[in-house]
Amino acid sequence: MKACREACVLEIQEPSAIEKPGTLVRLNSLFDDGACTDLLNGEMIARNPNTVVIMTTNLNYAGCHTFNASVISRMALVQHRDDLSAEEMIQRAVERTGFDDMEILSFMASTVVKIREYLEREELQGGICGYRELESWIWGYKATGNLVKSVKNTVISKAALLSEDRKILMDTYIEPYLCA
């Protein structure tokens, strides 16, 4: 409410995961020309003309829903972002973690990309594999010095819920590298 009344930047995270019917519809009126909505307590709230509202969401995550066309229509700008490439992940990881063993980083980043692509291709539900998992893997590896243990606990465990899927990922993407 404060961000609507005052000139602010307001971020609404994961609005596509809102499950309660009518919640986004109530927010819709804040983006109309009138820029006001009524609250559940009966109070009317007007959006400051200098308030910027940003909605961020990961539409490919489990539990996220598509947006109603009326919500999208009220947005001034919609930007879709591609997943980071292996090279972009490496660059970010070096800056954030200080880890700069390029041979290991290249393996880690390419593995994360391959697992992400596998999850999409096989339409595995409930799994995720992206930059955060890469960074967690790096931190795990730095702490343990063990690529296998750290990948199991940071990447594979999040990528697949079922043990047989985790085994496929290990057998396909981790073991061949370690054997080489």
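Everything numeric here is computed off the predicted structure, so don't read it as measured data.

A. Spotlight on the environment of Asp-82. Checked against the element boundaries, Asp-82 lands in the loop between helix 3 (69–74) and helix 4 (86–97). Counting along the chain gives 25 residues from Asp-82 to Phe-107, while the straight-line C-alpha distance between them is 21 Å.

B. Structural view of the packing of helix 5 (residues 102–122) against helix 7 (residues 147–159). At a closest axis distance of 12 Å, the pairing of helix 5 and helix 7 adopts a crossing angle of 25°. With respect to helix 7, the axis of helix 5 lies roughly parallel. Seen from above, helix 5 lies across helix 7 with right-handed handedness. The residues of helix 7 that touch helix 5, namely those facing Ile-104, Met-108, Ile-115 and Leu-119, are Leu-147, Val-155, Ile-156 and Ala-159.

C. Quick look at the nonpolar core. Membership of the largest hydrophobic core comes to 31 residues, with the highest contact counts inside it found for Met-108, Ile-115, Leu-134, Trp-137 and Leu-169. Broken down by secondary-structure element, the contributors of at least two residues to this core are helix 4, helix 5, helix 6 (131–144), helix 7 and helix 8 (163–179). At 10 residues, the largest contribution of residues to this core is made by helix 5. With residues near it in sequence (within four places) discarded, Leu-169 still touches Ile-115, Tyr-118, Ile-156, Ala-159, Ala-160 and Ile-174.

D. View of the packing of helix 6 against helix 7. One way to put it is that helix 6 packs onto helix 7 with a least axis distance of 8 Å and a crossing angle of 155°. Overall, the two elements helix 6 and helix 7 adopt an arrangement that is roughly antiparallel. The handedness of the crossing between helix 6 and helix 7 is right-handed. Residue-level inspection shows Glu-133, Ser-136, Trp-137, Gly-140, Tyr-141 and Thr-144 of helix 6 in contact with helix 7, the latter providing Leu-147, Ser-150, Val-151, Thr-154, Val-155 and Lys-158. Here the contact of helix 6 with helix 7 is composed, by residue class, of 5 nonpolar, 5 polar and 2 charged.

E. Representation of the packing of aromatic side chains in the model. On inspection of all chains with the given rule, the structure shows 4 aromatic pairs. Note on Phe-107 and Tyr-177: the rings are 3.5 Å apart at their centroids and 10° apart in plane angle, and the pair reads as stacked. On the criterion of sequence distance, the pair formed by Phe-107 in helix 5 and Tyr-177 in helix 8 is long-range, its members being 70 residues apart. Arranged with centres 6.0 Å apart and planes meeting at 65°, the rings of Tyr-118 and Tyr-173 form a pair that is edge-to-face. With Tyr-118 in helix 5 and Tyr-173 in helix 8, this residue pair connects regions lying 55 residues apart in the sequence. Its relative accessible area of 14% is what places Tyr-173 among the buried residues. One aromatic cluster is present, formed by Phe-107, Trp-137 and Tyr-177 through successive ring pairs.

Conventions adopted
Residues numbered from 1 in each chain as written. Predicted model: local features only at pLDDT ≥ 70, side-chain atom pairs only at ≥ 80, totals over all residues. Heavy atoms only, no water. Helix = DSSP H or I, 4+ residues; strand = E, 2+ residues; numbered from the N terminus. Axes fitted to C-alpha atoms, helices over the stretch in contact; angles between N-to-C directions. Parallel < 35°, antiparallel > 145°, perpendicular 65-115°, else oblique. Left-handed = near helix turned anticlockwise from the far one by under 90°. Contact = heavy atoms within 4.5 Å. Core = buried A, V, L, I, M, F, W, Y, C linked by side-chain atoms within 4.5 Å. Buried < 20%, exposed > 50% of the residue type's maximum accessible area, 1.4 Å probe, protein only. Nonpolar A, V, L, I, M, F, W, Y, C, P; charged D, E, K, R; others polar. Phe/Tyr/Trp six-rings, centres within 6.5 Å; stacked < 30°, edge-to-face > 60°.

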